[in-house]
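Structural overview
Listed below are the residues making up each chain.
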Amino acid sequence: MEYVLLMISAILVNNFVLSRFLGICPFLGVSKKISTALGMSGAVIFVITIASAATWCLQTYLLVPLGLDKFLQTLSFILVIAALVQLIDIVMKRFTPSLHAALGIFLPLITTNCAVLGVAVLNMQEGYGFFKSVLFGFSAAVGFSFALLIFAGLREKIERAVPPRCFQGVALSLVTAGLLSLAFMGFSGLVR
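Definitions and cut-offs
Residues numbered from 1 in each chain as written. Predicted model: local features only at pLDDT ≥ 70, side-chain atom pairs only at ≥ 80, totals over all residues. Heavy atoms only, no water. Helix = DSSP H or I, 4+ residues; strand = E, 2+ residues; numbered from the N terminus. Rg over C-alpha atoms; globule rule 2.2 N^0.38 Å. Contact = heavy atoms within 4.5 Å. Areas by Shrake-Rupley, 256 points an atom, 1.4 Å probe, with all protein chains shown as cover. Lys, Arg positive; Asp, Glu negative; His and termini not counted. Charge placed at Lys NZ, Arg CZ, Asp CG, Glu CD. Buried < 20%, exposed > 50% of the residue type's maximum accessible area, 1.4 Å probe, protein only. Phe/Tyr/Trp six-rings, centres within 6.5 Å; stacked < 30°, edge-to-face > 60°. Core = buried A, V, L, I, M, F, W, Y, C linked by side-chain atoms within 4.5 Å. Axes fitted to C-alpha atoms, helices over the stretch in contact; angles between N-to-C directions. Left-handed = near helix turned anticlockwise from the far one by under 90°. Nonpolar A, V, L, I, M, F, W, Y, C, P; charged D, E, K, R; others polar. Expected span 1.5 Å × (residues − 1). Bend = angle between axes of the 7 residues up to and from the residue. Parallel < 35°, antiparallel > 145°, perpendicular 65-115°, else oblique.

Along the backbone of the chain there are 8 helices and 0 strands. Sequence-ordered secondary structure for the chain, helices as α and strands as β, is α-α-α-α-α-α-α-α. For 192 residues, the compact-globule formula gives about 16 Å, and the C-alpha radius of gyration of the chain, at 17 Å, lands near that figure. If one aligns the C-alpha atoms of the chain with their principal axes, the spans along those axes are about 60 × 45 × 25 Å. Here the contacts in the chain between residues at least 6 apart in sequence split such that 77% fall between residues at least 24 apart. When the accessible surface of the chain is totalled, it reaches about 10100 Å², and 71% of it is carbon and sulfur. Considering the chain, the positive charge centre built from 12 side chains and the negative charge centre built from 6 side chains are found 9 Å apart.

This paragraph deals with the environment of Lys-132. Within the element layout of this structure, Lys-132 appears in helix H7 (residues 130-159). What makes Lys-132 buried here is its relative accessible area of 18%. With 14 residues separating them in the primary sequence, Lys-132 and Phe-146 have C-alpha atoms 20 Å apart. Not counting the four nearest positions on each side in its chain, Lys-132 is found in contact with Glu-2, Tyr-3 and Leu-6.

Per the stated rule, a full pass over the model turns up 8 aromatic pairs. Ring centres of Phe-27 and Phe-151 lie 4.6 Å apart, and the angle between their planes is 15 degrees; this geometry places the pair in the stacked category. Pair noted here: Phe-27 is in helix H2 (residues 24-29) and Phe-151 is in helix H7, with a separation of 124 residues, a long-range link. With respect to burial, Phe-27 and Phe-151 carry one shared label: buried.

Attention shifts here to unusual backbone geometry. Located in the positive-phi region is Phe-21, a residue other than glycine, with phi close to 55 degrees. Along the chain, the position of Phe-21 falls in the loop between helix H1 (2-13) and H2.

So, on to the environment of Ile-78. Turning to its location among the elements, Ile-78 is positioned in helix H4 (residues 69-95). Here the alpha-carbon distance between Ile-78 and Ala-120, two residues 42 residues apart in the chain, equals 9.6 Å.

It is worth spelling out the nonpolar core at this point. Ranked by internal contacts, the top residues of the largest apolar core, which has 41 residues, are Phe-27, Ile-110 and Phe-136. Those elements that provide at least two residues to this core are H1, helix H3 (34-63), H4, helix H6 (114-126), H7 and helix H8 (170-185). Broken down by element, this core gets its largest block of residues, 9 residues, from H7. Setting aside chain neighbours within four positions, we find Phe-27 in contact with Val-17, Leu-18, Phe-144, Ala-147, Leu-148, Phe-151, Ala-177 and Leu-180.

Bringing the packing of H3 against H4 into the picture now. Closest axis-to-axis distance for the H3/H4 pair is 9 Å, and the angle between their directions is 145 degrees. As H3 runs across H4, the sense of the crossing is right-handed. Along its contact with H3, which presents Ala-43, Phe-46, Val-47, Ile-50, Ala-51, Ala-54, Thr-55, Leu-58, Gln-59 and Leu-63, the element H4 presents Asp-69, Leu-72, Gln-73, Ser-76, Phe-77, Val-80, Ile-81, Leu-84, Val-85, Leu-87 and Ile-88. In terms of residue class, the contact of H3 with H4 is made up of 16 nonpolar, 4 polar and 1 charged.

Taking 1.5 Å of rise per residue, 27 residues should cover 39 Å, and H4 covers 37 Å from first to last C-alpha, within 8% of that figure. Of all the bends found along H4, the most pronounced is centred on Leu-75 and spans about 25 degrees. Restricting attention to buried positions, one finds in H4 the residues Asp-69, Gln-73, Ser-76, Phe-77, Ile-81, Leu-84, Val-85, Ile-88, Asp-89 and Met-92. Lining the buried residues of H4 we find H3, helix H5 (97-103) and H6.

Glancing now at the packing of H3 against H7. Between H3 and H7, the least distance of the axes is 8 Å, while the angle of their chain directions is 165 degrees. Classed by the angle they form, the pair H3 and H7 counts as roughly antiparallel. Read as a crossing pair, H3 and H7 show a hand that is right-handed. Here the residues of the contact of H3 with H7 sort into 19 nonpolar, 7 polar and 1 charged.

Written as structure tokens, this is what we have:
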């Protein structure tokens, strides 16, 4: 039951985009089409899940034994995340060039996506074990993807509408994101 609550909390209650407001750049930048949102979702799920496992191992087996966890944690976590993103970039360029082109600059920006680093740091702050760290990372990434796909669907639907001129473009996207965030606040009673 503890693991189910951890997953529900990461996906719905403490959603990294809509509750913690981490990862807003790719959330707003890649959400114009569901197809690109799906591609970004897959990349983010892969990077956050693998980064959770890699950073936990790095922290537990290298940084803590050497007494470097206070000094090099953030830097070493960013290096691990950057390496994973480069791996995804190379694989996507080779096997799905159309998706790679559609994601554009937002794919390398996963490196600086604060949600990825936030998950890794939260795993260490909460003192999660390996399995719990990976599960939390996967759940946080699924929550990010869930919010991204909902938002992309809303933006595609809104694009077909004719809103007032002052609300067209970014303004309406930000209002929609705010309303979606308020809707996710309704899940706050699920997990204490």
